[in-house]
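Descriptive structure summary
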Amino acid sequence: MGKITLKSVRKAFGEVDVIPGIDLGIEDGEFVVFVGPSGCGKSTLLRLIAGLEDVTSGTITIDGKDMTELPPAQRGLAMVFQSYALYPHMSVRKNIAFPLKMAGVSPEEQERKVQAAAKVLNLGDYLDRRPGQLSGGQRQRVAIGRAIVREPKAFLFDEPLSNLDAALRVSMRQEISELHQNLKTTMIYVTHDQVEAMTMADKIVVLNAGRIEQVGSPMELYRSPANLFVAGFIGSPKMNLIEGAEAARHGAATIGIRPEHIDIGRGDWHGVVGLSEHLGSDTFLKVMADGLGTLTVRADGEVSIKAGDRIRMSPQPDKIHRFDKDGKALA
Amino acid sequence: MATQSSRLAARLTLAPSVIVLFIWMIVPLALTIWFSFRIYRLLSPDRTGWAGFRNYVWFVNSPDFWLAISNTLLLVGGVLAITIVFGVLIALLIDQPVWGQGPLRILVISPFFVMPPVAASIWENLFMHPQNGMLASLALGVGLQPILFLENYPMSSVIFIVSWEWLPFATLILLTALQSLSSEQIEAAEMDGAGALSRFRYIVLPHLTRAITVVILIQTIFLLGIFGEIFTTTQGGPGSASTTLPYMIYKQAVIAKDIGRAAAGGIIAVILANIVAFFLMRSMGKNLDV
Ligand SMILES: Nc1ncnc2c1ncn2[C@@H]1O[C@H](COP(=O)(O)OP(=O)(O)OP(=O)(O)O)[C@@H](O)[C@H]1O
Ligand SMILES: [Mg+2]
């Protein structure tokens with residue numbers, strides 16, 4: 001079980017309202033990702049849930065019980081830190097067994113659980129090493145191992161992959177997703193990498209300056225962003241945002257169209273190709289469009305358009321997002 | 001330093017300082033060894049010549065010798081124990097965010113800047129003095145007899161005074177070590193269900209071992225030679241109750257004016273220091289490895 005509910009949770013550091021007030025429900029077994037730009041309060045929110053930070057006002061309930069005033073240890077949550085926070089003077093075995101030891105579990109039972117965790121995480125050969133003798137990915141696994149042996153109600157991850165290189169990130173990302181599928185435990189995952197958010201989440205919470213901009217499944221956020229902030233934040237490369245006459249023609253202050261929803265060849269948008277980035281499967285073109293500004297357009301991987309070419313484009317009409325002058329999406 | 005010639009160049013350029021350091025060390029040592037085998041009494045300058053091992057034999061057989069050795073070790077061990085236990089506790093305390101942290105830390109450090117004879121005089125005359133001392137008037141205030149600290153508990157008093165002087169040093173080193181402990185590790189332990197005591201035992205203390213080792217090694221070097229505090233307060237007495245090896249050597253050199261015997265005592269002190277250093281490095285040297 002791991003149903004977490006936040007009710008008007010507010011956090012201020014001195015004068016500064018870092019989180020002005022958040023309501024959020026997280027269902028049991030859900031994989032929830034907090035995304036948002038740096039400094040928007042993702043870590044703070046996670047630490048409030050963990051109990052490492054005290055709320056200024058509001059309540060946090062876990063499985064229906066008010067946990068707002070309880071210390072971290074009694075909330076039954078496990079956290080994986082960005083810096084891993086392994087205990088450097090203990091072997092991997094002792095690191096993983098530490099929460100069990102603190103809970104007064106018998107040594108045989110500890111060893112059994114450590115072995116089980118090591119098997120899941122492929123750590124069998126490293127149990128007697130110190131954290132200092134492990135690679136980044138291995139340390140990350142130890143940190144996860146230390147979290148899973150406790151069988152927590154929910155896992156909290158604070159940017160667990162940001163210290164890893166790109167290839168390792170992809171594989172660890174998949175490992176964490178698989179872990180979630182096997183354990184079916186609630187997981188809250190903080191990241192500012194929106195690829196991680198899109199691929200892993202059941203539910204994404206987009207945060208901006210301590211406020212929730214939108215909550216929804218990855219595809220919901222992709223298909224119907226509630227406002228300009230979410231529109232610009234979700235999707236890679238970013239959605240093209242166009243103001244002025246073209247927007248007015250659609251009855252909006254701003255319109256947005258994703259690079260993958262612009263067709264090349266025919267249409268009434270004209271432009272000169274600037275940079276073209278060939279990724280193999282796709283090509284992303286930067287196009288100086290007449291009267292529209294710079295647009296990013298996705299083309300086929302094999303496309304033969306070069307810089308300096310003049311092209312015609314048209315947006316797919318049902319993929320145009322319209323926003324009013326406050327940035328809210330228009331129906 | 002890959003090539004032969006660059007290694008040679010390195011040795012050549014290092015050589016002057018190494019040579020100076022070597023001379024700096026070896027000349028006093030050689031002279032002391034030389035004197036320790038000579039008959040060299042300032043009160044009878046006409047008697048000279050080789051003494052063989054007689055200076056050593058006299059020193060080791062003198063009634064105070066074993067007492068002085070045990071007092072020296074007691075002083076070192078006692079001060080180490082007090083400064084480390086209280087150093088850790090005070091470091092933990094002043095690491096907390098409190099109002100006036102800066103001045104508080106300076107206050108905690110300040111005893112270290114007081115010169116040893118001054119520190120000893122302060123304690124002897126202002127606190128431990130049976131008539132004028134503050135402790136005496138406190139005792140009288142609650143209707144007790146003043147305790148004669150320096151007369152009845154001379155070694156404990158000296159250990160206390162020296163601990164007071166060295167506590168800031170230990171605290172300072174331990175405090176900096178404490179500040180380098182990542183807060184995420186503490187938070188992780190908190191999440192793992194470790195209470196305050198377990199966090200101290202399993203996370204903080206292991207983190208401090210290297211700093212504690214440094215404190216022990218450095219303090220031992222200085223504590224083996226403690227002299228000023230004893231000279232100022234107990235003069236090694238009553239009787240020989242608080243005589244240490246350095247104080248015994250001082251008595252031979254300055255009071256008995258027997259340079260040969262004092263030099264023999266000095267060499268014995270060097271040997272003692274090496275034995276202590278050997279055991280310290282054997283038991284704790286690995287803590288210093290990275
Ligand atoms: N202990 C603190 N005291 C004062 N302000 C703090 C404290 N911790 C965080 N803040 C402030 O709260 C805001 C949110 O910080 P937080 O660490 O939650 O950001 P974040 O979304 O996790 O960013 P990042 O993606 O860079 O990790 C920041 O403006 C930060 O300066
Ligand atoms: Mg953060």
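Structure first, text after, so check above.
These lines cover the structure that appears in this document, whether it is placed above or below. Given the structure is predicted, the values throughout are model-derived calculations rather than measurements.

1. Quick notes on the site of ligand 1
Residues and elements named next belong to chain A. Around ligand 1, the neighbouring residues are Phe13, Val18, Ser38, Gly39, Cys40, Gly41, Lys42, Ser43, Thr44, Glu159 and His192. Take glycine 41: an N or O atom from its main chain is 3.0 Å from an oxygen atom of ligand 1. Interatomic distance of 2.8 Å between a side-chain N/O atom of lysine 42 and an oxygen atom of ligand 1. In the complex, 57% of the free accessible area of ligand 1, which totals 640 Å², lies under the protein chains. For the shell around ligand 1, the leading source of residues is helix α1 (residues 42–50), giving three residues.

2. Things to note about the pattern of salt bridges
Tallied over the full model, the rule gives 19 salt bridges over all chains. Sharing partners across several salt bridges, the network here consists of Arg47 and Glu53 of chain A together with Glu187 of chain B.

3. Side note on empty space enclosed by the protein
A complete count under the given rule lists one cavity of 30 Å³ or more for this structure. Its volume calculated, the largest cavity comes out at about 50 Å³. Along its surface, the largest cavity is lined by Ala78, Met79, Ala143, Arg146, Ala147 and Arg150 of chain A together with Ala188, Met191 and Asp192 of chain B. Residue assignment for the lining of the largest cavity shows that the elements contributing at least two residues are β6 (77–80) and α4 (136–148) of chain A together with α9 (183–191) of chain B. Broken down by element, the lining of the largest cavity gets its largest block of residues, three residues, from α4 of chain A.

4. Structural notes on the side chain of glutamate 260 of chain A
All names here are of chain A. Mapped onto the secondary structure, glutamate 260 falls in the loop between β12 (254–257) and β13 (262–278). An unpaired buried charge is present at glutamate 260: no salt bridge exists, and arginine 258, the closest side chain of opposite charge, is 5.0 Å distant. Residue contacts for glutamate 260: discarding those within four places in its chain leaves Tyr222, Arg298 and Gln316.

5. Let's talk about the interface of chain A and chain B
Each side of the interface is counted separately: chain A has 23 residues, and chain B has 14 residues. For the chain A and chain B pair, buried surface summed over both sides reaches about 1600 Å², with 62% attributable to carbon and sulfur atoms. Among the residues of chain A in contact with chain B, Tyr87, His89 and Met102 of chain A are the three that bury the most area, contributing 29% of the side total. The interface formed by chain A and chain B includes two salt bridges. Applying the counting criterion to the chain A and chain B interface returns six residue pairs in polar contact (both at pLDDT 80 or more). For the side of chain A that touches chain B, the secondary-structure elements that each account for two or more residues are α1, β6 and α2 (92–102) of chain A. A total of four residues in the side of chain A that touches chain B trace back to one element, the largest contributor, which is α2 of chain A. When its residues are assigned to classes, the side of chain A that touches chain B shows 16 nonpolar, three polar and four charged.

Scoring rules and cut-offs
- Residues numbered from 1 in each chain as written.
- Chains lettered and ligands numbered in written order.
- Predicted model: local features only at pLDDT ≥ 70, side-chain atom pairs only at ≥ 80, totals over all residues.
- Heavy atoms only, no water.
- Near = heavy atom within 4 Å.
- Polar contact = N/O pair within 3.5 Å; in protein donor to acceptor, adjacent residues only side chain to side chain.
- Areas by Shrake-Rupley, 256 points an atom, 1.4 Å probe, with all protein chains shown as cover.
- Helix = DSSP H or I, 4+ residues; strand = E, 2+ residues; numbered from the N terminus.
- Salt bridge = Lys/Arg side-chain N within 4 Å of Asp/Glu carboxyl O.
- 1 Å grid on protein atoms, 1.4 Å probe; cavity = no way out; pocket = protein on both sides within 12 Å on 5 of 7 lines; lining within 4 Å.
- Points joined across faces, edges and corners; volume = space filled by probe spheres on them.
- Buried < 20%, exposed > 50% of the residue type's maximum accessible area, 1.4 Å probe, protein only.
- Lys, Arg positive; Asp, Glu negative; His and termini not counted.
- Contact = heavy atoms within 4.5 Å.
- Buried area = accessible area lost by both parts, 1.4 Å probe.
- Nonpolar A, V, L, I, M, F, W, Y, C, P; charged D, E, K, R; others polar.

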